[in-house]
Amino acid sequence: MCHGPRWASRGLGLRSTLNQVERVEGDVNQVERVEGELVFDERHFPVVIATWVGTVTGEGIDAYYRWHDRMFDRAAREGVAVVSITDLRGARGMVGPDLRRRFVEEADRREAVLREQLDSVMVVARGSFVLGLVAFILCSIRPWIRLSSFDELSCGLQRALQRLDLAGVARPSWLEPAGYECPVPRRAA
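Each chain has its residues counted from 1, following the order in which its sequence is written. Local features are withheld for residues below a pLDDT of 70 in this predicted model, meaning they are given only at 70 or higher, and side-chain atom pairs are given and counted only at 80 or more; totals for whole chains, interfaces and linings count all residues. With hydrogens and water stripped out, all remaining heavy atoms of the structure feed into the side-chain values.

Counting from the N terminus, the helices are the DSSP runs of H or I reaching at least four residues and the strands are the DSSP runs of E reaching at least two. A tally of regular secondary structure across the protein chain gives five helices and nine strands. Across the 189 residues in the protein chain, those meeting the buried criterion constitute 48%. Accessible surface computed for the protein chain: about 9,300 Å², of which carbon and sulfur atoms make up 52%. Exposed residues in this analysis have more than 50% of their type's maximum accessible area, buried residues have under 20%, and partly exposed residues fall in between, with area computed by a 1.4 Å probe over protein chains only. Each accessible area is a Shrake-Rupley estimate made with a 1.4 Å probe; only the visible protein chains count as cover when residues are assessed.

Written out as structure tokens, the structure reads:
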């Protein structure tokens, strides 16, 4: 049975701090703040998790792809493929045509590396309409992307671990789908 997410320590607060980057608890978690928050979690590499909270913006899309570029570089060095999970349950508002086009353009720029270094994409969102819309958009623009969509993060994490098993890649032993906690950014002093 799939269970909902947990937030480590405190809940994420929505902020309008733009273009601020900070490290969280060591060198494997990174937060880039945009309108709202976008939390990147690479603690379980090659399973990587991006959590959107607040408004999806152009600069958020740029930060999302910059982070994925770093993950793809790491995957190439380590000889594995990335399983990417994007949790959209905290995203607010509609993603208009300009932002959808930006997602497509950024994917186009990276097609070769995506084909080489991306095993699959798991999208977590609330509601069957949203899940269906995300799946339709991704499959329409890039039918070769292995996409699964879920309404609970634990289900996406379980599927990510299955993808690692199929690829013959060792599971991160510390990743427990039902107990996953999104890292909470350390507040700037």
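Let's shift gears to the pattern of salt bridges. Criterion for a salt bridge: a side-chain nitrogen of Lys or Arg within 4 Å of a carboxyl oxygen of Asp or Glu. With the rule as written, the count across this model stands at 12 salt bridges. A salt bridge links Arg109 to Glu106, with the nearest nitrogen and oxygen atoms 2.4 Å apart. Of this pair, Arg109 and Glu106 both sit in helix α2 (residues 97–109), three residues apart, which is roughly one turn of that helix. Arg109 gets classed as exposed once you look at its relative accessible area, which sits at 59%. Arg110 serves as the salt-bridge partner of Glu106, at 2.5 Å between the closest nitrogen and oxygen. The exposure class assigned to Arg110 is buried, which follows from its relative accessible area of 12%.

For the rest of this paragraph, the subject is helix α1 (residues 58–78). A helix is expected to span 1.5 Å for every residue after the first. Its 21 residues place the ends of α1 30 Å apart at the C-alpha level, agreeing with the 30 Å of an ideal helix rising 1.5 Å per residue. Buried residues of α1: Gly58, Gly60, Ile61, Ala63, Tyr64, Tyr65, Trp67, His68, Met71, Phe72 and Ala75, and no others. Gly79, located one to two residues past α1, shows a positive phi value of around 70°.

Take Gln117: it is sitting in helix α3 (residues 111–117). Relative accessible area serves as the criterion here: at 8%, Gln117 is assigned to the buried category. The contact rule is simple, with two residues in contact once any of their heavy atoms fall within 4.5 Å. Leave out the neighbours within four places in its chain, and Gln117 touches Phe72, Ala75, Ala76, Val80, Ala81 and Val82.

This brings us to the nonpolar core. Phe40, Tyr64 and Val82 are the most contacted members of the largest nonpolar core, which totals 22 residues. If one sorts the elements of this core by residue count, α1 sits on top with eight residues. With residues up to four places along the chain from it excluded, the contact list for Tyr64 reads Leu38, Phe40, Ala50, Trp52, Ser84, Thr86 and Phe103. In plain words, nonpolar cores are sets of buried Ala, Val, Leu, Ile, Met, Phe, Trp, Tyr and Cys residues tied together by side-chain atoms within 4.5 Å.

As far as function goes, none of this settles anything; it's purely spatial.
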